[in-house]
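# Notes for the structure review
These are the residues of each chain, in order.
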Amino acid sequence: MRHEIKQALIAKLTALADDEVILSHRNSEWTGHGPILEEDIALANIAQDELGHATVWFGLRKELDGSDPDQLAFFRDAGEYRSAELLELPKGDWAFTMLRQFLFDLYETLWLEAAKHSSYQPLADAANKILREERFHLQHTYAWVERLGLGTEESNRRLQEALEFQWGYAQQLFVPTPGEDLLVAEGMVPDLGAIKAQWLEHSSKHLQNSGLKLPINPGYQPTSRTHHTEHLWSILAEMQSTARWDTEAKVW
Amino acid sequence: MDTQWPRWEVFKQDTPHKPHQAVGSVHAADPQHALLTARNIFARRPQAVSMWVVRADDIFSRTKEELAADPVNMESEKTAALRPYVVFRKTSHRRSMTFVDYVGEVSARSPEEALKQARAKFTDVEALAWWIVPADRLTKSDPSNETIESWFAPAKEKTYKQQQYYATVGSHVSKHKTGREDTDEA
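Keep in mind that this is a model prediction, so the values were computed, not measured.

### Some details on the overall build of chain A
- Counting its secondary structure elements, chain A contains 10 helices and zero strands.
- Helices (α) and strands (β) of chain A occur, in sequence order from the N terminus, as α-α-α-α-α-α-α-α-α-α.
- Against the compact-globule benchmark of 18 Å for 252 residues, chain A has a radius of gyration of 18 Å, which places it among compact chains.
- Taking the principal axes of the C-alpha coordinates as reference, chain A spans close to 55 × 45 × 30 Å.
- Within the span of chain A, comprising 252 residues, buried residues form 54% of the whole.
- Of all intrachain contacts in chain A linking residues separated by at least 6 positions in sequence, the fraction that spans at least 24 positions is 81%.
- Surface accessibility of chain A: about 10900 Å² in total, with carbon and sulfur atoms responsible for 54%.

Quick look at the structure:
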């Protein structure tokens, strides 16, 4: 594999993994605080699945550069993370969390559907595997957007507020990582432009059918994954503290 | 005001040739929501190929003791139309979970009449309890391969699939004694 291809692939896999790690940890903050026991358990499941996906992406990176997934997750500082800002935002209320999960699940499902055809076989295999769970996640959050949007005046208002806040942030999911154009040219990853068009079509349709108005002003749209919200520092401080305090953690 | 969502009983089918079995209940706003939460709670790790849910209020149930004390009266609804009912039966106290298994369907004018038919039709084993459900009140998971792959196949690769596995992951504190800890204890 050519050096610049390999570097670009490492950058892409890191971004994919970091999105999953941060979203997973954000969702885990609901554990014990869900609106009802059944949904508490459901979201904990989703959080574990997303962390499992991160393990898959870090595993593919390890094959390329020998990096240790635990080191990457627990011993990198915020400045070295390549997560999208949408996933760093505090969990907010249930509407905020469900909307973010819906916007992300839809993006991830569409991306994985296309990535199944990657010319890089390990990535094609991983996409096939992850897609199964992701389809179920999407059904769950799709249902929640519909029920909150068409539920009560208050649930609609909360979801609409979440949408206005998140819509611009969500666009960052479609900003290529450094060297991604090389990977697209090699057929290794899908073209984000095409994924974005599908995402806009599907998300707009479902949001509008759920009684929501698409924001006229898209608001702040992050562009570089080297920039982060201030929230990334605090979430990592919490997530990494145990690993950094006792690196062996053999005894429990 | 009662703000609880209604309760739904959940039936899980482990393999295509086994009956659906009652595994527990969930609270949910509607049938599809009940199926989604039921999948998370009862089939994340355990084996499954299909799930059904029905509102607890739609189940007509009688235990063996109830039937002995008060035989069901079926005279009331002779004029109603025939409709299909799904019959579930509990036959054992031995299992740790109180499985109530699907046994078949009958056509009747009322739940009471359906129960009478079920008692005459399904006689191979003594029933400890009967659950009678109008067939159109059952909501079933999508039987397509795509849904089975998405909802149930990932369970096969999960760790901690059964409680007995818990003890095999990790190890006891005594296996990790270090010099420092030994000193602390001395």
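What follows picks up the thread again.
### Notes on the packing of helix H5 (residues 94–115) of chain A against helix H6 (residues 121–149) of chain A
All names here are of chain A.
- Following both chains from N to C, one finds H5 and H6 inclined at 145 degrees, their axes separated by 7 Å at the closest point. The element H5 and its partner H6 pack so that their crossing is left-handed.
- Here the contact of H5 with H6 is composed, by residue class, of 19 nonpolar, four polar and five charged.

### Some thoughts on the pattern of salt bridges
- A complete count under the given rule lists 26 salt bridges over all chains for this structure.
- Salt-bridge contacts for Lys12(A) lead to Glu180(A); the nearest nitrogen and oxygen are separated by 3.2 Å. One end of the pair, Lys12(A), is in helix H1 (residues 3–28); the other, Glu180(A), is in helix H8 (residues 180–185), and 168 residues separate them in sequence. Like Glu180(A), Lys12(A) is buried.
- The shortest N-O distance in the salt bridge between Asp65(A) and Arg61(A) comes to 2.9 Å. Of this pair, Asp65(A) and Arg61(A) both sit in helix H2 (residues 37–65), separated by four residues, roughly a single helical turn.
- Through salt bridges with shared partners, a single network forms among Glu113(A), Lys116(A), Arg135(A) and Glu146(B).

### Examining the interface of chain B and chain A
- Between chain B and chain A, the contact holds 26 residues from the first and 21 residues from the second.
- Taken over both partners, the interface formed by chain B and chain A buries close to 2300 Å², and the fraction arising from carbon and sulfur atoms is 54%.
- Area buried by chain B at its contact with chain A is led by Leu36(B), Asn40(B) and Arg44(B), which between them contribute 23% of it.
- Inspection of the chain B/chain A interface yields four salt bridges.

### Description of the side chain of Glu9(B)
Residues and elements named next belong to chain B.
- With respect to the helices and strands, the residue Glu 9 is situated in strand S1 (residues 7–13).
- With a relative accessible area of 10%, Glu 9 lands in the buried category.
- Filtering out sequence-adjacent residues up to four positions away, Glu 9 remains in contact with Gly 24, Ser 25, Trp 52, Val 53, Val 54, Ala 56, Ile 59 and Trp 131.

### Some words on the packing of H1(A) against H2(A)
Residues and elements named next belong to chain A.
- With their axes 8 Å apart at the nearest point, H1 and H2 run at an angle of 160 degrees to one another. As the angle between them shows, H1 and H2 are arranged roughly antiparallel. As H1 packs across H2, the resulting crossing turns out to be left-handed.
- Residues of the contact of H1 with H2, tallied by class, amount to 16 nonpolar, five polar and six charged.

### A few points about the packing of aromatic side chains
All names here are of chain A.
- According to the stated counting rule, one finds 19 aromatic pairs over all chains in the structure shown.
- On the basis of an interplanar angle of 25 degrees and a centroid distance of 5.2 Å, the ring pair of Trp 167 and Trp 199 is categorised as stacked. Of this pair, Trp 167 sits in helix H7 (residues 153–170) while Trp 199 sits in helix H9 (residues 192–209), and the two are 32 residues apart along the sequence. Comparing Trp 167 with Trp 199, the two get one shared label, buried.

### Some thoughts on the confidence of the model for chain B
All names here are of chain B.
- Taken as a whole, chain B shows an average pLDDT of 86; of its residues, 80% reach a score of 70 or greater.
- Averaged over each element, pLDDT in chain B is lowest for helix H5 (residues 179–185) (47) and highest for strand S3 (residues 50–55) (98).
- Within the model, the stretch residues 181–186 combines pLDDT values under 50 with three contacts to residues more than four positions away or in other chains.
- With a pTM of 0.90, the predicted complex shows an ipTM of 0.87.

### Things to note about the environment of Ser50(B)
All names here are of chain B.
- Tracing the backbone through its elements, the reader meets Ser 50 in strand S3.
- On the accessibility criterion, Ser 50 (11% relative accessible area) is buried.
- Considering only alpha carbons, one finds Ser 50 and Lys 140, 90 residues apart in sequence, at a separation of 7.5 Å.
- When neighbours within four sequence positions are excluded, Ser 50 is seen to be in contact with Phe 11, Lys 12, Gln 13, His 20, Ser 141 and Phe 152.
- Separated by 2.8 Å, the side chains of Ser 50 and His 20 make a polar contact.

### Section: H2(A)
- Taking 1.5 Å as the rise per residue, H2(A) with 29 residues should run 42 Å; its terminal C-alpha atoms sit 42 Å apart, in good agreement.
- Two residues or fewer after H2(A) comes Gly66(A), characterised by a positive phi angle close to 70 degrees.

How each quantity is defined
By convention here, each chain's residues receive numbers from 1 onward along its written sequence. Think of it this way: whatever chain is written first is A, whatever ligand is written first is 1, and the rest follow in order. A pLDDT threshold of at least 70 governs which residues receive local features in this predicted model, and a stricter bar of 80 or more applies before side-chain atom pairs are shown or counted, although totals over entire chains, interfaces and linings include all residues. Remark: hydrogens and water are excluded; side-chain values derive from all non-hydrogen atoms of the structure. Under the DSSP-based scheme used, a helix requires at least four consecutive residues in state H or I and a strand at least two consecutive residues in state E, with every element numbered from the N terminus. Both definitions apply: the radius of gyration is a C-alpha atom measure, and the globule rule equals 2.2 Å times residues to the power 0.38. Whether a residue is buried, partly exposed or exposed follows from its accessible area with a 1.4 Å probe, protein chains only, as a fraction of its type maximum: under 20%, in between, or over 50%, in that order. Only heavy atoms enter the contact rule, under which two residues are in contact if any of them lie within 4.5 Å. Exposure was quantified through the Shrake-Rupley algorithm and a 1.4 Å probe, taking into account, for residues, occlusion by the shown protein chains and nothing else. Note on geometry: axes are lines fitted to C-alpha atoms, helical ones only across the stretch in contact, with angles between N-to-C directions running from 0 to 180 degrees. In a left-handed crossing the near helix is turned counterclockwise from the far helix by less than a right angle, and in a right-handed crossing that turn is clockwise. Basically, the charged four are Asp, Glu, Lys and Arg, the nonpolar ten are Ala, Val, Leu, Ile, Met, Phe, Trp, Tyr, Cys and Pro, and anything else, Gly included, counts as polar. What makes a salt bridge here is a side-chain nitrogen of Lys or Arg within 4 Å of a carboxyl oxygen of Asp or Glu, nothing more. Buried area, as used here, totals the accessible surface that two parts lose on assembly, with accessibility defined by a 1.4 Å probe and the loss added over both. Any angle that is under 35 degrees is reported as roughly parallel, and any over 145 degrees as roughly antiparallel; angles of 65 to 115 degrees are reported as roughly perpendicular and all others as oblique. Ring pairs shown here join Phe, Tyr and Trp side chains whose ring centres sit within 6.5 Å, with only the six-membered ring taken for Trp; geometry is labelled stacked below 30 degrees between planes, edge-to-face above 60, and tilted in between. The predictor attaches a confidence to each residue, called pLDDT, with possible values from 0 through 100. What qualifies as a polar contact is a pair of N or O atoms within 3.5 Å, subject to a donor-acceptor requirement within protein and to the restriction that residues adjacent in sequence count only when both atoms come from side chains. Expected helix span is taken as 1.5 Å per residue step, with the number of steps being one fewer than the number of residues.

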